[in-house]
Amino acid sequence: MSGDTHPPAVQHMAQHVLDQLQAHRSRCPPSLRPTPLFVGVQGPQGSGKTFLTSRLRTYLSSPPHALAVTVLSIDDLYLPHSELRNLAESHPHNILFQGRGQPGTHDVPLGTSVLKNLKQINEVDAGTVDIPFFDKSLFNGQGDRVSHGETVEGPVDVVVLEGWCVGFFPTSKEFIEERWKEPVPTLEPDTFDMKTFVSVDHVLAVNERLKRYVEWWNALDAFIQIKGPSSAQLSIIYKWRLQQEHNMKSKNGGKGMTDDQVKTFVDRYIPGYVFFGEGMTKGLSGGGRTETPQLPSWIGKGLTVTIGDDRELLHASNF
């Protein structure tokens, strides 16, 4: 499939990956098989990150590049439904844990194992790697992990880890306390009011669990961030996510969330963007007794793709 048949955003993403892959391979000794290039892709709910990632995979795997590309979605690393229920029941007053989504609702050991095995897949005598799959339509939209998923066999050129909070870093208690007091960018209080929605302690509980995800981010060699216009960076997520749910239900016989449930669902993601989203460019801020500042491994190897209300490309820039 030729490049000009892909959306402009995909062409920018593909060129970024190709550039990073060339640099990645140049750093590998000639006597060794290079590991796959690991690329993080982050974008808000409904922004089209999964669609763009799928098209990116098609672009890279087609001639003239003909690369072997594996995509792992962070959404497929959610805890099984039973464990999500246990988490919710053990934190009955923390709305951030009432359902999937937040750091703490993923199976971190599973993700670590999958990433480690993919990192080693090009080694001699390496085995296959099973990619988990989480079906979001089960249990009336609450979702559950199912047994079947893609099985990957080496060699692999590129591994993409995509998800809404890929690259989010934990931060300090002081930062969270200060940010909690500030207005939420691009959202009116009648749409979302942080102070009445969640407490500082609830955010700190997510922050503590986010520390375990840093080992995932350390596996990444390059990064792509997809975001909306600055004038509507958070408000547009509600529109995008509702469209996404309607599209899914039209294809699966109506299984999924109601419109009110989608609003509640998106509400629970907003604190993540507000408190942890800057981690993609700033990394681990430190401020605690055990944490020291740490820039992301992809600084200097990142691409930001900004899209408009209708997901059209506005501009792309490196960071």
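Before reading further, recall that the structure is shown in the block above.
Along each chain, residues carry numbers from 1 onward, in the same order as the chain's sequence is written. Predicted model: local features are reported for residues with pLDDT of at least 70 only, side-chain atom pairs are reported and counted for 80 or more only, and whole-chain, interface and lining totals are derived from all residues. With hydrogens and water excluded, all non-hydrogen atoms of the structure serve as input to the side-chain values.

**Student:** So what about the side chain of His 24? Which residues, and what values?
**Tutor:** In DSSP terms, a helix is any run of H or I states spanning at least four residues, a strand is any run of E spanning at least two, and both are numbered starting from the N terminus. When you line up the elements, His 24 lands in helix 1 (residues 8-26). Exposure classes here rest on a 1.4 Å probe applied to the protein chains alone. A residue is buried below 20% of its type maximum, exposed above 50%, and partly exposed in between. Looking at His 24, the relative accessible area reads 10%, which means it is buried. Discounting chain neighbours no more than four positions away, the residues touching His 24 are Thr 35, Pro 36, Leu 37 and Asp 221. Whether two residues touch is decided by their heavy atoms; if any such pair falls within 4.5 Å, the residues are in contact.

**Student:** Provide a residue-level description of the packing of aromatic side chains, including the pertinent values.
**Tutor:** Pairing of aromatic side chains here covers Phe, Tyr and the six-membered ring of Trp, requires ring centres within 6.5 Å, and sorts the geometry by plane angle: under 30 degrees stacked, over 60 edge-to-face, intermediate tilted. Throughout the structure, instances matching the rule amount to 14 aromatic pairs. A centroid spacing of 6.2 Å and a plane angle of 45 degrees characterise the contact between Tyr 213 and Trp 217, whose relative ring orientation is tilted. What links up through ring pairs into an aromatic cluster is the set Trp 164, Phe 168, Phe 265, Tyr 269 and Tyr 273. The side chain of Lys 119 reaches across the aromatic face of Phe 38, ending 4.0 Å from its centre. One residue, Lys 195, lies across the ring of Trp 180, its end atom 6.0 Å from the ring centre. Consider the ring centre and the ring normal. A charge sits over the ring if Lys NZ or Arg CZ is within 6 Å of that centre and within 35 degrees of that normal.

**Student:** Give me the lowdown on the sheet that holds strand 8 (residues 222-227), citing residues and values where you can.
**Tutor:** With respect to topology, six strands assemble into an open sheet ordered 2-7-1-8-9-10, the strand pairing being mixed. The open sheet has two edge strands, strand 2 (69-73) and strand 10 (313-318), and neither has a second partner. Strand after strand, the sheet turns through a mean of 15 degrees between neighbouring axes, direction not considered. The pairing criterion for strands is at least two bridges between them, as found by DSSP. One ladder, built from five bridges, connects strand 9 (residues 302-307) with strand 10; its direction is antiparallel. Along strand 10, the bridge assignment pairs Leu 303 with Asn 318. Every angle, taken between N-to-C directions, lies between 0 and 180 degrees, and every axis is a line fitted to C-alpha atoms, over only the stretch in contact when it is a helix. Seen against the sheet, helix 1 touches strand 1 (37-42), strand 7 (158-163), strand 8, strand 9 and strand 10 and runs at an angle of roughly 165 degrees to strand 8.

**Student:** I'd like a description of helix 2 (residues 49-61), backed by residues and values.
**Tutor:** Here a helix's expected span is defined as the number of its residues, less one, multiplied by 1.5 Å. The end-to-end C-alpha separation of helix 2 is 18 Å, in line with the 18 Å expected for 13 residues at 1.5 Å each. Among the residues of helix 2, those classed as buried are Lys 49, Leu 52, Thr 53, Arg 55, Leu 56, Tyr 59 and Leu 60. The buried residues of helix 2 all sit within an arc of 165 degrees when viewed along its axis, so they share a single face. Elements in contact with the buried residues of helix 2: helix 1, strand 1, strand 2, strand 7 and strand 8. Note that the arc is computed from the directions linking the helix axis to the C-beta atoms.

**Student:** Go over the packing of helix 1 against helix 2, please, and point to the residues and values.
**Tutor:** For the pair helix 1 and helix 2, the least separation of the axes is 9 Å and the interaxial angle reads 55 degrees. Taken together, helix 1 and helix 2 sit at an angle that is classed as oblique. Note that helix 1 runs across helix 2; the crossing there is right-handed. Note on element contacts: helix 2 touches helix 1 through Leu 52, Arg 55, Leu 56, Tyr 59 and Leu 60, opposite Ala 9, Val 10, Gln 11, Met 13, Ala 14, Val 17 and Leu 18. In these notes the angle categories are as follows: under 35 degrees is roughly parallel, over 145 is roughly antiparallel, 65 to 115 is roughly perpendicular, and the rest is oblique. Note: crossing handedness is left-handed where the near helix turns anticlockwise from the far helix by less than a right angle, and right-handed where it turns clockwise.

**Student:** I'd like a description of unusual backbone geometry, backed by residues and values.
**Tutor:** Between Pro 63 and Pro 64 the backbone carries a cis peptide bond, its omega angle lying at 10 degrees. Among the structural elements, Pro 64 can be located in the loop between helix 2 and strand 2. Here the phi dihedral of Asp 125 falls at roughly 65 degrees; this positive angle occurs in a residue that is not glycine. Counting through the fold element by element, Asp 125 comes out in the loop between helix 4 (108-119) and strand 3 (129-130).

**Student:** Outline the environment of Leu 60, listing residues and values.
**Tutor:** Tracing the sequence through the fold places Leu 60 in helix 2. Of the residues examined, Leu 60 reaches a relative accessible area of 0% and is grouped as buried. Sequence separation between Leu 60 and Pro 29 is 31 residues, and the spatial gap between their C-alpha atoms is 24 Å. Non-local contacts of Leu 60, meaning those with residues more than four positions away in its chain, are made with Ala 14, Val 17, Leu 18, His 65, Ala 66, Leu 67 and Val 69.

**Student:** Can you break down the environment of His 12 residue by residue, with the values?
**Tutor:** By secondary structure assignment, the location of His 12 is in helix 1. Judged by its relative accessible area of 38%, His 12 is partly exposed. As for His 12 and Ser 317, which are separated by 305 residues in sequence, their C-alpha atoms are 9.3 Å apart. Apart from residues no more than four positions distant in its own chain, His 12 is found in contact with Leu 303, Leu 313 and Ala 316.

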